Amino acid sequence: MCGIVGFLWAPGARVGRNAEGRVRDMARAIAHRGPDSDGTWTDDSAGVALGHRRLAIVDLSPAGHQPMASPAGRYVMVYNGEVYDHADLRAELETAGKAPQWRGTSDTESLVAAFDAWGIAATIARCSGMFALAVWDKADRRLTLVRDRFGEKPLYYGWNGTGEDRAFYFASELRALRAHPAFAPEIDGGELPHYARTGYIRVGHSIYRGIRQVRPGEIVQLGAGQTDPTGERYWDAAAVAHQARTEDGFTGSDDEALHQLEALTSAAVERQMMADVPLGAFLSGGIDSSTVVALMQRQSRRPIHTFAIGFHEARYNEATHAKAIAQHLGTDHTELYVGEGELLGVVPDLAGIFDEPFADSSQIPTFLVSRLARQAVTVALSGDGGDELFGGYDRYRKGARLFDAIGRVPLPLRKGAAGAIRALSPAVLDRMLAPVRRVPQGKEPNGQWAHRLATYAASADVDALHRALVSQTQRADRLTAAAEGPEEGPVASGSGLTAAERMMQLDLAAYLPGYILTKVDRAAMAVSLESRAPLLDHRLAEFALSLPERMKVRGPTSKWLLRRLCTRLLPSALVERPKMGFEVPMGLWLRGPLSEWAGDLLAPDAIRRDGWFDAAEVTRMWSEHRNGRFNHGLGLWHVLMFQAWRSHLQGPPH
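So, how was this worked out
Residues numbered from 1 in each chain as written. Predicted model: local features only at pLDDT ≥ 70, side-chain atom pairs only at ≥ 80, totals over all residues. Heavy atoms only, no water. Axes fitted to C-alpha atoms, helices over the stretch in contact; angles between N-to-C directions. Helix = DSSP H or I, 4+ residues; strand = E, 2+ residues; numbered from the N terminus. Parallel < 35°, antiparallel > 145°, perpendicular 65-115°, else oblique. Left-handed = near helix turned anticlockwise from the far one by under 90°. Contact = heavy atoms within 4.5 Å. Nonpolar A, V, L, I, M, F, W, Y, C, P; charged D, E, K, R; others polar. Salt bridge = Lys/Arg side-chain N within 4 Å of Asp/Glu carboxyl O. Buried < 20%, exposed > 50% of the residue type's maximum accessible area, 1.4 Å probe, protein only. Pairing = 2+ DSSP bridges. 1 Å grid on protein atoms, 1.4 Å probe; cavity = no way out; pocket = protein on both sides within 12 Å on 5 of 7 lines; lining within 4 Å. Points joined across faces, edges and corners; volume = space filled by probe spheres on them.

Draft legend 1. Layout of the packing of helix H7 (residues 237-246) against helix H21 (residues 538-546). The geometry of H7 relative to H21 is characterised by a closest axis approach of 8 Å and an angle of 45° between their N-to-C directions. Between H7 and H21, the angle falls in the class oblique. The element H7 and its partner H21 pack so that their crossing is right-handed. Contact with H7, carried on its side by Ala237, Val240, Ala241, Ala244 and Arg245, involves Glu542, Leu545 and Ser546 of H21 and no other residues of that element. For the contact of H7 with H21, a count of residues per class yields 5 nonpolar, 1 polar and 2 charged.

Right, dumping it as structure tokens:
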């Protein structure tokens with residue numbers, strides 16, 4: 001795993017002076033992504049500079065050093081990621097008589113040799129892996145940026161600056177762009193409505209105006225002298241899902257599906273165990289990570305390293321389940337129980353770790369388990385992607401039932417009733433509903449619950465209901481003045497899909513890359529740990545997308561087929577248990593140990609001075625939360641992470 005940076009400039013522009021030093025400084029800003037070595041390549045006549053930071057995983061020798069030129073010399077590449085089947089690329093090149101004299105065993109060398117033989121797009125289509133890469137084509141004087149199919153690895157790009165300071169930049173993280181003295185960041189207030197509602201920046205966008213992210217499965221190109229980069233999807237999860245379920249769906253039996261799932265998952269795990277450094281896995285005790293770990297151990301001659309974070313509060317603690325599974329499989333298991341002090345100690349560092357506004361309370365334990373794993377290994381496999389591909393979230397089952405129920409009532413009536421409920425304050429609803437609904441321990445108060453259900457009831461279609469289900473902040477529209485733009489999500493329609501299938505499709509396009517994979521990448525790379533997700537192998541994913549809903553959600557059972565595979569690998573007593581989230585009690589913390597820290601960041605003068613959020617609304621939320629009248633923990637965390645990020649950067653211009 002690595003970090004990549006670079007920029008293009010017009011001949012004679014000031015931004016290109018001392019290009020080698022500038023691009024080295026940019027790379028140094030993301031040294032945590034690649035602490036083992038660095039490299040630069042510049043061509044002043046073409047106006048291009050490339051920089052690289054290396055975390056050596058495959059071929060630890062200098063033969064894997066980057067930037068790397070192709071054997072024919074046409075292409076120069078900087079690359080972040082792993083191509084797990086690169087040996088197959090080499091074999092195909094050798095069979096075709098197009099292989100060079102190999103200097104080493106790195107996948108980087110395999111890629112640039114394949115570029116010479118087949119071109120960039122055709123090579124990428126052959127690859128199974130996670131990656132973000134930049135390639136300069138000397139012959140066509142063209143820059144190509146590529147991101148893996150699901151967006152496991154980040155890559156930002158865009159024009160910035162004016163006059164002789166204007167250039168086209170790209171980097172794995174925004175901090176690398178800010179390291180160039182000519183880069184002038186400008187916060188894009190239009191991204192805040194989506195962030196306030198979900199806790200993450202829209203897929204394909206960034207917090208800075210004019211700076212985008214390469215979308216999952218996209219190739220972006222910019223030729224010398226061009227002003228507008230062009231983007232084209234080489235793989236689109238939503239389109240694949242739609243075609244798989246409407247044209248090429250799986251028609252075999254349950255047992256045939258299980259056999260194929262086991263073969264594909266086992267092969268994906270085997271490919272992703274490729275490493276010349278110590279390797280292990282995150283083990284939460286859930287279906288996804290347990291399946292991955294069981295298949296890893298089955299294919300290993302020695303106990304694999306597994307890691308888990310434990311909490312002293314039983315309702316948040318999965319470590320006991322992880323330990324039982326580790327003992328059954330015979331892994332070399334490490335667990336760390338963390339208290340409130342260790343968890344809270346991470347909070348001041350989050351803005352620096354994530355480098356862009358990002359708000360999910362599980363980012364704290366995710367960072368802690370990454371730091372724990374890095375003490376023993378350089379690569380850790382995870383179960384990420386299992387929920388989105390195999391129907392693991394409750395919202396798929398419950399959302400489908402809810403959509404069926406509300407669909408029986410005309411939309412105007414639903415909207416009218418929802419408006420009437422939302423017109424009443426949560427406190428009034430608490431009193432009204434107290435005689436008829438007892439609030440379960442630890443759950444939201446009646447007023448908050450009623451407002452949420454009213455939002456669901458007003459949904460016009462599955463997409464709107466899904467939007468409501470994934471929204472973490474009620475009335476987020478009151479926090480910012482700008483209107484929310486559309487999610488950079490699926491291009492395929494939902495026709496031909498069930499409600500649950502459509503919601504999975506939407507999550508694969510937005511929630512998975514924007515939220516889940518962003519969290520894991522930033523947390524792991526902050527400690528120079530490479531994370532891998534075998535369940536996101538595209539061959540396995542395409543099979544999962546072809547399965548009918550009944551093989552994912554069957555009655556009250558989620559992840560039905562993946563669960564069957566897990567019980568084939570582990571005793572059912574270790575598998576069949578309620579799903580738990582990787583969460584912390586943020587609402588309670590904000591009323592307790594984080595109250596002073598939060599109060600400073602949420603002070604009306606500070607909010608009003610910055611002008612990004614509505615000070616009156618934030619003050620109302622903070623007051624209601626501290627008084628216990630309403631649990632605004634998630635919404636306030638979104639505001640706090642933005643304010644902490646602004647404070648960390650000492651206020652970039654806007």
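Draft legend 2. Quick peek at the pattern of salt bridges. This structure, assessed with the given rule, holds 47 salt bridges. Residues Glu173 and Arg33 are paired through a salt bridge, measuring 2.8 Å at the closest nitrogen-oxygen approach. Remark: Arg33 occurs in the loop between helix H1 (19-28) and strand S2 (37-43) and Glu173 occurs in the loop between strand S9 (167-171) and helix H5 (174-178); sequence separation between them is 140 residues. In this pair, the class of Glu173 matches that of Arg33, namely buried. For Arg215, the salt bridge goes to Glu218, with nearest N and O atoms at 3.2 Å. Owing to a relative accessible area of 17%, Arg215 belongs among the buried residues under this scheme. The exposure class assigned to Glu218 is buried, which follows from its relative accessible area of 5%. Through salt bridges with shared partners, a single ionic network connects Arg33, Lys153, Glu173, Arg175, Arg178, Asp355, Asp521 and Arg522.

Draft legend 3. Fine view of the sheet that holds strand S13 (residues 279-282). The parallel open sheet is built from 5 strands, whose spatial order is S15-S14-S13-S16-S17. Every interior strand has two partners, whereas the edge strands, strand S15 (332-338) and strand S17 (530-532), have only one. Looking at each pair of strands side by side, their axes are set apart by 30° on average, direction ignored. Bridging between S13 and strand S16 (residues 379-381) involves 3 bridges; their strand directions are parallel.

Draft legend 4. Fine view of empty space enclosed by the protein. For the structure shown, the criterion picks out 7 cavities of 30 Å³ or more. Considering only enclosed or pocket space, the largest cavity measures out at about 140 Å³ in volume. Forming the walls of the largest cavity are 16 residues, and the residues nearest its centre are Ile201, Gln213, Glu356, Gly514 and Thr518. When residues of the lining of the largest cavity are assigned to their parent elements, the largest contribution, 4 residues, is made by helix H20 (residues 499-525). Broken down by class, the residue content of the lining of the largest cavity amounts to 8 nonpolar, 4 polar and 4 charged. The computed volume of the second largest cavity comes to approximately 110 Å³. Lining of the second largest cavity is provided by 15 residues; of these, Cys2, Arg54, Gln66, Asp107 and Thr108 occupy positions nearest its centre. Of all elements in the fold, only strand S5 (75-83) and helix H3 (107-118) reach the threshold of two or more residues within the lining of the second largest cavity.

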